[in-house]
Amino acid sequence: MTTELFGRDDRAFSFQSHNVTITCERLKLSGYLAYHVTFSSSRKPIVVARAEGVNQPFFWTSIPEGRQKEAEGVGKLIEEYLNQKEL
(Lines give C-alpha, C1' and ligand atoms only; values in the text may rest on other atoms or scores of the structure.)
Protein backbone atom coordinates (compact mmCIF):
# COMPACT_ATOMS: atom_id res chain seq x y z
CA MET A 1 0.00 0.00 0.00
CA THR A 2 1.43 3.37 -1.05
CA THR A 3 0.81 6.36 1.19
CA GLU A 4 1.55 9.82 -0.18
CA LEU A 5 2.94 12.44 2.12
CA PHE A 6 0.90 15.19 0.45
CA GLY A 7 -2.59 14.89 -1.03
CA ARG A 8 -2.94 16.12 -4.60
CA ASP A 9 -5.50 18.34 -6.23
CA ASP A 10 -7.35 16.80 -9.17
CA ARG A 11 -6.37 19.65 -11.49
CA ALA A 12 -3.02 19.29 -13.24
CA PHE A 13 -1.52 21.42 -15.97
CA SER A 14 1.40 21.08 -18.34
CA PHE A 15 3.52 23.44 -20.37
CA GLN A 16 6.67 23.34 -22.50
CA SER A 17 10.01 24.89 -21.61
CA HIS A 18 13.36 24.18 -23.30
CA ASN A 19 11.82 21.27 -25.26
CA VAL A 20 10.66 19.59 -22.03
CA THR A 21 7.05 19.09 -20.95
CA ILE A 22 6.60 20.12 -17.33
CA THR A 23 3.52 18.70 -15.57
CA CYS A 24 2.38 20.28 -12.31
CA GLU A 25 -0.09 18.93 -9.76
CA ARG A 26 -1.19 21.25 -6.96
CA LEU A 27 -0.64 19.73 -3.53
CA LYS A 28 -3.15 20.04 -0.71
CA LEU A 29 -1.10 21.85 1.92
CA SER A 30 -3.10 24.17 4.13
CA GLY A 31 -1.78 27.71 3.86
CA TYR A 32 0.84 26.89 1.20
CA LEU A 33 1.07 26.99 -2.55
CA ALA A 34 2.94 23.84 -3.57
CA TYR A 35 3.25 21.61 -6.65
CA HIS A 36 4.52 18.14 -7.45
CA VAL A 37 6.39 18.66 -10.73
CA THR A 38 7.35 15.97 -13.23
CA PHE A 39 9.43 16.36 -16.36
CA SER A 40 9.29 14.57 -19.73
CA SER A 41 13.09 14.41 -19.62
CA SER A 42 15.15 12.16 -17.36
CA ARG A 43 15.13 14.80 -14.59
CA LYS A 44 13.72 13.50 -11.30
CA PRO A 45 10.36 14.88 -10.07
CA ILE A 46 10.48 17.74 -7.56
CA VAL A 47 8.10 19.28 -5.04
CA VAL A 48 8.23 23.08 -5.03
CA ALA A 49 6.54 25.36 -2.50
CA ARG A 50 6.16 29.10 -2.28
CA ALA A 51 7.47 30.32 1.08
CA GLU A 52 7.49 33.73 2.74
CA GLY A 53 10.72 35.62 2.28
CA VAL A 54 12.61 37.99 4.54
CA ASN A 55 13.96 40.41 1.92
CA GLN A 56 11.25 39.65 -0.63
CA PRO A 57 7.54 38.82 -0.39
CA PHE A 58 8.10 35.13 -1.22
CA PHE A 59 10.48 32.64 -2.82
CA TRP A 60 10.26 29.12 -4.27
CA THR A 61 11.92 26.26 -2.42
CA SER A 62 12.17 22.49 -2.79
CA ILE A 63 10.74 19.95 -0.38
CA PRO A 64 12.93 18.44 0.93
CA GLU A 65 15.66 21.02 0.65
CA GLY A 66 18.60 20.44 -1.65
CA ARG A 67 17.31 21.45 -5.08
CA GLN A 68 16.89 25.16 -4.34
CA LYS A 69 18.15 26.58 -7.65
CA GLU A 70 15.97 24.18 -9.60
CA ALA A 71 12.95 25.02 -7.40
CA GLU A 72 13.46 28.75 -8.01
CA GLY A 73 13.57 28.23 -11.78
CA VAL A 74 10.58 25.87 -11.91
CA GLY A 75 8.60 28.14 -9.59
CA LYS A 76 9.15 31.11 -11.91
CA LEU A 77 8.05 29.03 -14.90
CA ILE A 78 4.86 28.03 -13.03
CA GLU A 79 4.15 31.69 -12.20
CA GLU A 80 4.67 32.72 -15.84
CA TYR A 81 2.36 29.95 -17.06
CA LEU A 82 -0.41 30.81 -14.57
CA ASN A 83 -0.13 34.56 -15.25
CA GLN A 84 -0.42 34.01 -19.02
CA LYS A 85 -3.38 31.71 -18.48
CA GLU A 86 -5.24 34.45 -16.56
CA LEU A 87 -4.87 36.98 -19.43
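For the structure, check the block above.
Residues numbered from 1 in each chain as written. Predicted model: local features only at pLDDT ≥ 70, side-chain atom pairs only at ≥ 80, totals over all residues. Heavy atoms only, no water.

What follows is about the nonpolar core. The biggest cluster of nonpolar side chains holds 14 residues, and the ones touching the most others in it are I22, C24, Y35, V37, F39, V48 and I78. Listing elements by their share of this core, those giving two or more residues are β1 (7-17), β2 (20-28), β3 (33-39), β4 (46-52) and α1 (68-86). Ignoring any residue separated from it by four or fewer positions in sequence, one finds I78 in contact with F13, F15, C24, Y35, V37 and V48. (Core = buried A, V, L, I, M, F, W, Y, C linked by side-chain atoms within 4.5 Å. Buried < 20%, exposed > 50% of the residue type's maximum accessible area, 1.4 Å probe, protein only. Helix = DSSP H or I, 4+ residues; strand = E, 2+ residues; numbered from the N terminus. Contact = heavy atoms within 4.5 Å.)

Our focus in this paragraph is the pattern of salt bridges. Scanning all chains against the criterion turns up two salt bridges. Here R43 and E70 are joined by a salt bridge, their closest N and O atoms 3.4 Å apart. Within this pair, whereas R43 is found in the loop between β3 and β4, its partner E70 is found in helix α1, the two being separated by 27 residues in sequence. For R67, the salt bridge identified is with E70, shortest N-O distance 2.8 Å. Each of R43, R67 and E70 takes part in one network of salt bridges that share partners. (Salt bridge = Lys/Arg side-chain N within 4 Å of Asp/Glu carboxyl O.)

Now for the pairing of β4. With five of seven residues buried, β4 lies mostly within the body of the structure. Direction of pairing for β3 relative to β4: antiparallel, over a ladder of five bridges. Paired with H36 across the two strands is V47, which belongs to β4. Alignment of β4 against strand β5 (residues 58-62), held across five bridges, turns out to be antiparallel. What sits directly across from A51, in β5, is F59. What sits between β4 and β5 in their antiparallel hairpin is a turn of five residues. (Pairing = 2+ DSSP bridges.)

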